[in-house]
Amino acid sequence: MISSDDARKLLVDTGIELLKTGLVARTWGNISARISLETCVITPSGLDYTQTKEKDIVVLDIITGQWQGSRKPSGERGVHRAAYQTYDDVGFVIHTHQPYASAIGLAGFDRLDITEEEQQTLGGIALAGYGLSGTKTLINAVKKALQSGAQTVLMIHHGALICGRDKEQAMKRATLLEEISRRNLKGQPKESITLSDSETSRKEQVLSVLKERYPYVDIVQSPEVMALSEKGKTVNAQLDDMAQMIGSRIPAVEQDIGKIRRAMVKHGAILVKGLGGVIKAETADDAEALKLLFDKTAVARLHTDALGSPVRLSSFDCWLMHLMYSKKYAKQKNA
């Protein structure tokens, strides 16, 4: 075990590392480190990793759930406590929203192509049932998965929980999990997309019109988003980070500037066939987060479509998460 001061610095550094690797984005995900048998330190709730300082890290009692610090601990502290309570030898826990593992958690876990060596490296892998973030339902589902003997847990609609004896093992497991998940994905485009001059010109025309009204607007044209746009179908939220930041659905519209403008009045993200994913935001940071989220949403939807699994979040859960995000976490991010 490491000292409290060393653990605080380790969490701050790990948060930046997770951002750089793409295993987390925005304020999503959380990290903790055990500093005694009954105590850990954990990242605070809703604070951007780039803004998090050592003084922001919270001390958390693993047994009672009581905490000490100037900020409130992560809302997911319950699943971290469950990991430490289940395994005395676990010293570091990461909760990620990594895109490929999140997609596999939606569908295809029971047919996962994984070697025995990979399973051992992950410390065993299990799937946990769904529960809203921070709820007893989610904590109990994760606890059940951990008690099966697994130290890597996929949480349906949510992300992954990765345990390790230390930071190095936990990060190795998170990276390996994403590699395994990527090769198990179905329905993904096999080649990159090269836009023609006319397609590039059309993108610039649409952006020029939209920027007259929205300060931060962009068009996502990754291979995955373009493939999804070609389906011409509304995308319902499957992952809770889409529900939080975008809402219950991303509507699909035709490539007509009038229809695009009308759709953007009501929605922060839309699909346009042959054009890609259009997003609007209130800040440059929000715009970048939405672009990453659109890619992740496309990966998940293409995968579940290929498997014939129309999994989606309930309208009520989407409404509740979007409300909580807009009223609380979006304002907390840089506080």
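Above this text sits the structure in question.
Residues numbered from 1 in each chain as written. Predicted model: local features only at pLDDT ≥ 70, side-chain atom pairs only at ≥ 80, totals over all residues. Heavy atoms only, no water.

Quick look at the overall build of the protein now. Looking only at helices and strands, the protein has twelve helices and 14 strands in total. Here the C-alpha radius of gyration of the protein, 20 Å, is about what a compact globule of 335 residues would show, namely 20 Å. Across its three principal directions, the C-alpha atoms of the protein cover 60 × 45 × 35 Å. A burial count over the protein gives 54% of its 335 residues as buried. When contacts within the protein are restricted to residue pairs at least 6 apart in sequence, those whose partners lie at least 24 apart make up 67%. Entry remark: accessible area of the protein is about 15,100 Å², with carbon and sulfur atoms responsible for 48%. Separation of charge centres in the protein, based on 44 positive and 40 negative side chains, amounts to 7 Å. (Helix = DSSP H or I, 4+ residues; strand = E, 2+ residues; numbered from the N terminus. Rg over C-alpha atoms; globule rule 2.2 N^0.38 Å. Buried < 20%, exposed > 50% of the residue type's maximum accessible area, 1.4 Å probe, protein only. Contact = heavy atoms within 4.5 Å. Areas by Shrake-Rupley, 256 points an atom, 1.4 Å probe, with all protein chains shown as cover. Lys, Arg positive; Asp, Glu negative; His and termini not counted. Charge placed at Lys NZ, Arg CZ, Asp CG, Glu CD.)

What follows concerns a nonpolar patch on the surface. On the surface, F316, W319 and L323 cluster together to form a nonpolar patch covering roughly 330 Å² of accessible area. Within the element layout of this structure, L323 appears in helix α12 (residues 315–332). Given the relative accessible area of 30%, L323 is considered partly exposed. (Patch = residues over 30% accessible without salt bridge, like charges linked within 9 Å, V, L, I, M, F, W, Y side chains within 5 Å. Salt bridge = Lys/Arg side-chain N within 4 Å of Asp/Glu carboxyl O.)

Once that is clear, we can look at the pattern of salt bridges. If you walk through the whole model with that rule in mind, you get 14 salt bridges. Notably, a salt bridge pairs K9 with D13, separated by 2.7 Å at the nearest N-O pair. Within this pair, K9 and its partner D13 are both found in helix α1 (residues 4–21), separated by four residues, close to a single helical turn. The partly exposed category is assigned to K9, whose relative accessible area is 43%. When its relative accessible area of 38% is taken as the criterion, D13 is described as partly exposed. Taking the shortest distance from any N to any O, the salt bridge between R183 and E118 comes out at 2.6 Å. Of this pair, R183 sits in helix α6 (residues 167–184) while E118 sits in helix α4 (residues 116–122), and the two are 65 residues apart along the sequence. On the basis of relative accessible area, R183 is assigned to the partly exposed category, the value being 39%. Beyond isolated ion pairs, a larger network of salt bridges with shared partners links K55, D56 and R71.

Here we take up the packing of aromatic side chains. On inspection of all chains with the given rule, the structure shows one aromatic pair. Measuring from centroid to centroid gives 5.9 Å for F316 and W319, while their planes differ by 35°, and the two rings are tilted. In this pair, F316 and W319 are both assigned in helix α12, three residues apart and thus about one turn of the helix distant. Among the residues examined, F316 registers a relative accessible area of 53% and is labelled exposed. (Phe/Tyr/Trp six-rings, centres within 6.5 Å; stacked < 30°, edge-to-face > 60°.)

Let us look at the pairing of strand β7 (residues 152–155). Covered by surrounding structure in β7 are T152 and L154 together with V153 and M155, the residues of both alternating faces. Pairing between strand β6 (residues 125–128) and β7: four bridges, direction parallel. Within the sheet, the bridge partner assigned to L127 lies in β7 and is L154. With helix α5 (residues 136–147) bridging β6 and its parallel neighbour β7, the resulting β-α-β unit is right-handed. Both β7 and strand β8 (residues 159–164) contribute to a ladder of four bridges, which runs antiparallel. Its bridge partner lying in β8, T152 is registered against I162. (Pairing = 2+ DSSP bridges. Right-handed = clockwise from strand over helix to strand, strands pointing away.)

Here the focus is the packing of helix α7 (residues 197–210) against helix α10 (residues 257–266). At a minimum axis separation of 11 Å, α7 and α10 run at an interaxial angle of 45°. Between α7 and α10, the angle is such that the two are oblique. In this structure, α7 crosses over α10, and the sense of that crossing is right-handed. Between α7, through R202, V206, V209 and L210, and α10, the contact on the second element is made entirely by I257, I260, R261 and M264. Here the contact of α7 with α10 is built from residues that sort into six nonpolar, no polar and two charged. (Axes fitted to C-alpha atoms, helices over the stretch in contact; angles between N-to-C directions. Parallel < 35°, antiparallel > 145°, perpendicular 65-115°, else oblique. Left-handed = near helix turned anticlockwise from the far one by under 90°. Nonpolar A, V, L, I, M, F, W, Y, C, P; charged D, E, K, R; others polar.)

With seven of eight residues buried, helix α3 (residues 99–106) lies mostly within the body of the structure. Close packing links the buried residues of α3 with β6, β7, β8, α6 and α11 (284–306).

None of the figures reported here should be taken as evidence of function without further support.
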